[in-house]
Amino acid sequence: MPTPILVLNCGSSSIKYQVIDVDDESRLATGLVQKIGLVDSSLEHTVDGISHRIDRMVADHQQALELIVSAFGMYGPPLADVVAVGHRAVHGGEAFRQPVQIDAGVIDKLRELSPLAPLHNPPGIAGIEAAMADLPDVPHVAVFDTAFFSTLPAEAYTYAIDADIAKEYSIRKYGFHGTSHKYVSERVAELLERPYDEVDQIVCHLGNGASISAIRGGVAVDTSMGLTPLQGLVMGTRSGDVDPGLHAYLAREAGMSVAEIDRLLNNRSGISGLTGGTSDFRDLADRIAAGDVAAKLAYDVYIHRLVSYIGSYLAILGGIDAITFTAGVGENDDAVRESVCDRLAPLGFLLDDEANKVRSKEPRRISQPDSPIQILVVPTNEELAMARETQKVISA
Ligand code: ADP
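Residues numbered from 1 in each chain as written. Predicted model: local features only at pLDDT ≥ 70, side-chain atom pairs only at ≥ 80, totals over all residues. Heavy atoms only, no water.

Caption draft 1: Representation of the environment of isoleucine 288 within the structure. Structurally, isoleucine 288 can be placed in helix α10 (residues 281-289). In this structure isoleucine 288 touches Ala295, Lys296 and Tyr299, once residues within four positions along its chain are discounted. (Helix = DSSP H or I, 4+ residues; strand = E, 2+ residues; numbered from the N terminus. Contact = heavy atoms within 4.5 Å.)

What follows is the structure, encoded as structure tokens:
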């Protein structure tokens, strides 16, 4: 008997979904509703390699879910076979340290956490409510982006600010992309054929959003994203670390409002901000090859930040067995991996240049046989990880 699980990832204007059979880990369907709330919204639903597109205006998440349900009705697989629904929940705050089955109490708690993730939790809740209305007979499970980092020690998650204010407003480092960091780090232990709790490692999740984690014996001890997903590495459109004094300076000197500064740092910064609009690493590489000075600087700033974090986590862990690259940039961009490892070669990161250049969708080792630190590429699969977590909750 297959065990299909529907995995839903609701953003503010999109819903991505997959049906995964957790028995053989096959993907039975994938889909995406885009531009929710706009006149040209559409759904793309793929089964057995065939994509079906429906162009229809959907006003909100409820209508988007109804469209998804009708696509399953028309093209399959039958939703009646689905045994559970796993929802991506971005911010679990201090309340949720692991995935939970969703009930009214959980939804209330997620609502309370919304101020911590104003862009992510409200659409997530809208998606959960719509899916529970459409699929009332199966368990729904929330899988939190923050959960894997609930093990961070106090010295890593505490910001050095007034302790009373921090407590009152739940200000601390939470970390994000946890589902990916957990999945990838577990795969690394499998690839190294060693018990998870014996491997000390660093995982670099380099996508459009980017974060890095330090994991000691299967326990996350530090990560670069913080109270929000804005902290840390340079990203496609997000600044990552800046001087916190920048906010006051911009407010004072440029007369910018809090909302304007927030938009600047989230949407008009990172690689895009430095290049005047290019955030994709393929386009960045083209511009660098054409001699574009701004593109080259953006790349150098990105690598500099990444190398600083790796050095810092190497120090925190007191040495590592492996470093792994994952997500869109980490999996595909051999130049980024080479730039990072070349800088770190004196610290034991010996890259095999040939292996690094091989393009593949498979997990692979790209270090020299005698490299003190193993260097790996492991494609992330957040949907599969969510489906597995969902199954664990429903079979507990
Ligand atoms: P997210 O899930 O954060 O949206 P992804 O992990 O899908 O991001 O990564 C998307 C990014 O990966 C793109 O913006 C692009 O910069 C990078 N990317 C994707 N494919 C390639 C490639 N072949 N070469 C270099 N970079 C790539």
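The structure having been displayed, the exposition proceeds.
Caption draft 2: How the structure looks around the site of the ligand. Surrounding the ligand, one finds Gly207, Asn208, Gly209, Asp280, Phe281, Arg282, Ala327, Gly328, Val329, Asn332, Asp333 and Arg359. The contact in question runs from a nitrogen atom of the ligand to an N or O atom on the side chain of asparagine 332, over 3.5 Å. When isolated, the ligand has an accessible area of 580 Å², and the protein chains bury 68% of it. For the shell around the ligand, the secondary structure elements donating two or more residues are α10 and α12 (327-332). When residues of the shell around the ligand are assigned to their parent elements, the largest contribution, four residues, is made by α12. Across the shell around the ligand, the residue classes break down as three nonpolar, five polar and four charged. (Near = heavy atom within 4 Å. Polar contact = N/O pair within 3.5 Å; in protein donor to acceptor, adjacent residues only side chain to side chain. Areas by Shrake-Rupley, 256 points an atom, 1.4 Å probe, with all protein chains shown as cover. Nonpolar A, V, L, I, M, F, W, Y, C, P; charged D, E, K, R; others polar.)

Caption draft 3: Here's a closer look at the pairing of strand β14 (residues 374-377). Here strand β12 (residues 322-326) runs beside β14; their pairing, made up of four bridges, is parallel. Across the sheet, the residue bridging to isoleucine 323 is isoleucine 375, located in β14. By the bridge criterion, two bridges tie strand β13 (residues 364-365) to β14 in an arrangement that is antiparallel. In the sheet register, arginine 364 faces β14, and the bridge partner there is valine 377. (Pairing = 2+ DSSP bridges.)

Caption draft 4: Region of the structure containing the packing of aromatic side chains. Evaluation of the coordinates by the stated rule reveals five aromatic pairs. Judged by centre distance (4.6 Å) and plane angle (10°), the rings of phenylalanine 96 and phenylalanine 144 are stacked. Of this pair, phenylalanine 96 sits in the loop between β6 (84-89) and β7 (100-101) while phenylalanine 144 sits in strand β8 (residues 140-144), placing them 48 residues apart in sequence. When its relative accessible area of 2% is taken as the criterion, phenylalanine 144 is described as buried. Directly above the aromatic system of tyrosine 157 lies the positively charged group of arginine 172, at a separation of 3.7 Å from the ring centroid. (Phe/Tyr/Trp six-rings, centres within 6.5 Å; stacked < 30°, edge-to-face > 60°. Buried < 20%, exposed > 50% of the residue type's maximum accessible area, 1.4 Å probe, protein only. Lys NZ or Arg CZ within 6 Å of the ring centre and 35° of its normal.)

Caption draft 5: Structural view of the pattern of salt bridges. Counted according to the given criterion, the structure contains 16 salt bridges. Among the salt bridges present, the one from lysine 296 reaches aspartate 300, with a minimum N-O distance of 2.9 Å. Of this pair, lysine 296 and aspartate 300 both sit in helix α11 (residues 293-317), separated by four residues, roughly a single helical turn. Note on lysine 296: relative accessible area 39%, which makes it partly exposed. (Salt bridge = Lys/Arg side-chain N within 4 Å of Asp/Glu carboxyl O.)

Caption draft 6: Spatial organisation of the side chain of threonine 326. Its place among the elements puts threonine 326 in strand β12. Among the polar contacts listed, one links the side chain of threonine 326 to the side chain of glutamate 331, at a separation of 3.2 Å. If we ignore the near neighbours within four places in the chain, the residues touching threonine 326 are Ser180, Val184, Val203, Cys204, His205, Leu206, Glu331, Val378, Pro379 and Thr380.

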